[in-house]
Every structure is written in structure tokens, then in C-alpha cells.
Amino acid sequence: MNIEPDRVDISVNVMQSNELPVQPTPLILDSLPNPPVANEVCPRRAMTQIDLMLLAIEALDLSGSEAILLMAHELELQGIIKNRVALWRLRSTNPLRRNSQRRSLTLPEAKAMVVVGCYLARRLTVLIRQLLLAYQQLSEKRLSPEHHFRLYEYLERFRAHFRSRMNPRRAAVAAYNSDEKLDELALNLLTQLLFCTGTYGMQRFWASLFDGEVA
């Protein structure tokens, strides 16, 4: 039986049109190397630290997750961080969250969130420096953060975000059972954000997520 060439071409074209195009990896992610981790997924600690970094940024920037989505679009990372739901799913890989997703964070996903977080931190550099300086000056005078409105506002917002989103039944969350302990965490994250704004800060922060975790 002879097969008509036109019909063969049509069937091939239909098959090709049904195939999803392979999405290229955004070039900006190439600035972060792939660590030799098992199955090319992020370890538990890395997923937690990335989410906490973004939580601190949300406490600094009143636009919250909207700022993250806008930056993702600006950096052409909307293929990974598509919308609010996608962002929530990525951040819910943090095992400390109330509604933690039972999935791992892939390296490209983790890179995208780190890049977005670091670029947002750079835009907030002046504010971050001001708050850390204010805390240092208050500490020298033995005064509480309540004496600096903007610093107190950041700490208050961070505590509210942490308590509303993290699972209190997790031991790592229960350890932050006081305002003082949460304030200490918030200040440590503020220092970490400032570290990210420096020369090669993004690369160094990325490497720190995998210290002692490589396969």
C-alpha cells in the first residue's frame, strides 16, 4: 500500500505542534554555579533560608510579594516565578511553613528566588544600612528598638509574618517563642541581606546555602 507523502507530512507536523517547546534557562541564573547536591534539588536548610530571606524583604518593603513578582518580571524570570500562586508554591517548599509542600525546590527555582531576593536587597541597601546602624546605636545606649520607629516597624512586621506563616508545631519554629528571639532572627537576616548587596554577595550567599550539604 502506498502512503501519500502529504498525509505523512501532516501527521508529522501535528506531532511536532503538540510537543511543548523547551524553555531556555534564563542567562542571569548562570551567575550562580550548580552545587554537587543529590538529585540536583535543594537541601532542607537551603529551602528554609531562602524563604526567610524573602520574609525579611517583605517586612522591609510594604508592597510585599508584589515587589517580588515585579522584580521577577524585570529580570525575565517569570517563566519560573509566574504569579502569586507559583511564588507561594515555591516558598512553601520551606518545611517550617504551615502549609509546607511535599516537594523539593529545584536548583533553577532556588536560583531564581535568590537572584530576585538579592536584587531587591540592593534596592533596599540604604534602608538596611540605616536600620543596622540604628540598632547599633541603640545597643550602645542600652535602649530598646521601640526608640527607633522604622526599626521597630520592621521587627514588628517580621514577627507578624513569621508567626502567621510558620508552623508552631515544628521544633525549629517553637524555638522562636518570644519577641526577643524573633527580633534576633530578624536582625540576623537584615545583616545577611546587607551581605548580599556587596561585591559577589549573591554568589557568596548562594554558596553558603550549601555549606556542609554537598553530596
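Residues numbered from 1 in each chain as written. Predicted model: local features only at pLDDT ≥ 70, side-chain atom pairs only at ≥ 80, totals over all residues. Heavy atoms only, no water.

Participant: Hey, could you run me through the packing of helix H2 (residues 44-60) against helix H5 (residues 107-123) in this one?
Facilitator: For any two helices packed against each other, the geometry comes down to the angle between their axes and how far apart the axes lie. Viewed as axis vectors pointing N to C, H2 and H5 meet at an angle of 30°, and their least axial separation amounts to 10 Å. Here H5 runs roughly parallel to H2, going by the angle between their axes. Note that H2 runs across H5; the crossing there is left-handed. Here H2 contributes Ile50, Met53, Leu54 and Ile57 to the contact with H5, which in turn contributes Ala110, Met113, Val114, Gly117, Cys118, Leu120 and Ala121. (Axes fitted to C-alpha atoms, helices over the stretch in contact; angles between N-to-C directions. Helix = DSSP H or I, 4+ residues; strand = E, 2+ residues; numbered from the N terminus. Parallel < 35°, antiparallel > 145°, perpendicular 65-115°, else oblique. Left-handed = near helix turned anticlockwise from the far one by under 90°. Contact = heavy atoms within 4.5 Å.)

Participant: Could you clarify how one ought to interpret the packing of aromatic side chains in this entry?
Facilitator: Any aromatic ring pair is given by two values, namely how distant the centres are and how the planes are angled relative to each other. Under the criterion given, the structure shown has 4 aromatic pairs. Between Tyr154 and Phe158, the aromatic rings sit 6.4 Å apart at their centres with planes inclined by 40°, giving tilted as the arrangement. Taken as a pair, Tyr154 and Phe158 lie in helix H7 (residues 149-165) at a separation of 4 residues, close to a single helical turn. Taken as a pair, Tyr154 and Phe158 share a single burial class, namely buried. Between Trp206 and Phe210 the ring centres are 4.8 Å apart and the planes differ by 65°, which places this aromatic pair in the edge-to-face class. Every member of this aromatic cluster is reached through a ring pair, and the members are Tyr154, Phe158, Phe162 and Tyr176. Across from the ring centre of Tyr119, 4.7 Å away, lies the NZ or CZ of Arg122, which sits over that ring. (Phe/Tyr/Trp six-rings, centres within 6.5 Å; stacked < 30°, edge-to-face > 60°. Buried < 20%, exposed > 50% of the residue type's maximum accessible area, 1.4 Å probe, protein only. Lys NZ or Arg CZ within 6 Å of the ring centre and 35° of its normal.)

Participant: I tried to follow the pattern of salt bridges on my own but got confused; where do I start?
Facilitator: Where side chains of opposite charge bring their charged atoms close, a pairing between them can arise. The final tally for this structure, using the stated rule, is 11 salt bridges. Of the charged contacts in the structure, one is a salt bridge between Glu58 and Arg91, with a shortest N-O distance of 3.0 Å. Linking Glu58 in helix H2 with Arg91 in helix H4 (residues 84-91), this pair joins segments that are 33 residues apart in sequence. The burial state of Glu58 is the same as that of Arg91; both residues are buried. Across the pair Asp183 and Arg159 runs a salt bridge whose closest N-O atoms are separated by 2.7 Å. Remark: Arg159 occurs in helix H7 and Asp183 occurs in helix H9 (residues 179-196); sequence separation between them is 24 residues. Each member of the salt-bridge network shares a partner with another, and the members are Asp51, Glu58, Arg91, Arg97 and Arg165. (Salt bridge = Lys/Arg side-chain N within 4 Å of Asp/Glu carboxyl O.)

Participant: What's the story with H2 in this structure? I'm lost.
Facilitator: Note that an α-helix has 3.6 residues per turn; residues three or four places apart therefore point the same way. With 17 residues, H2 extends 25 Å between its outermost C-alpha atoms, agreeing within 8% with the 24 Å of an ideal straight helix rising 1.5 Å per residue. When you tally the buried positions in H2, you get 14 out of 17 residues, the bulk of the element. (Expected span 1.5 Å × (residues − 1).)

Participant: What am I meant to see in the side chain of Glu109 here?
Facilitator: Counting through the fold element by element, Glu109 comes out in helix H5. Residue Glu109 is classed as buried on the basis of its relative accessible area, which comes to 15%. A polar contact of 2.4 Å, which involves the side chain of Glu109, links it to the side chain of Arg103. (Polar contact = N/O pair within 3.5 Å; in protein donor to acceptor, adjacent residues only side chain to side chain.)

Participant: In this structure, what is going on with the nonpolar core? I would like to understand it.
Facilitator: One recurring pattern in soluble globular proteins: nonpolar side chains tend to sit buried together. Counting 64 residues, the largest nonpolar core has Leu60, Ile81, Val114, Val116, Tyr154, Phe158 and Phe162 as its most contacted members. Those elements that place two or more of their residues in this core are H2, helix H3 (65-74), H4, H5, helix H6 (125-140), H7, H9 and helix H10 (201-208). Tallying contributions element by element places H2 first for this core, with 11 residues. Apart from residues no more than four positions distant in its own chain, Leu60 is found in contact with Leu124, Leu127, Ile128, Leu131, Arg150, Tyr154, Leu190 and Leu193. (Core = buried A, V, L, I, M, F, W, Y, C linked by side-chain atoms within 4.5 Å.)

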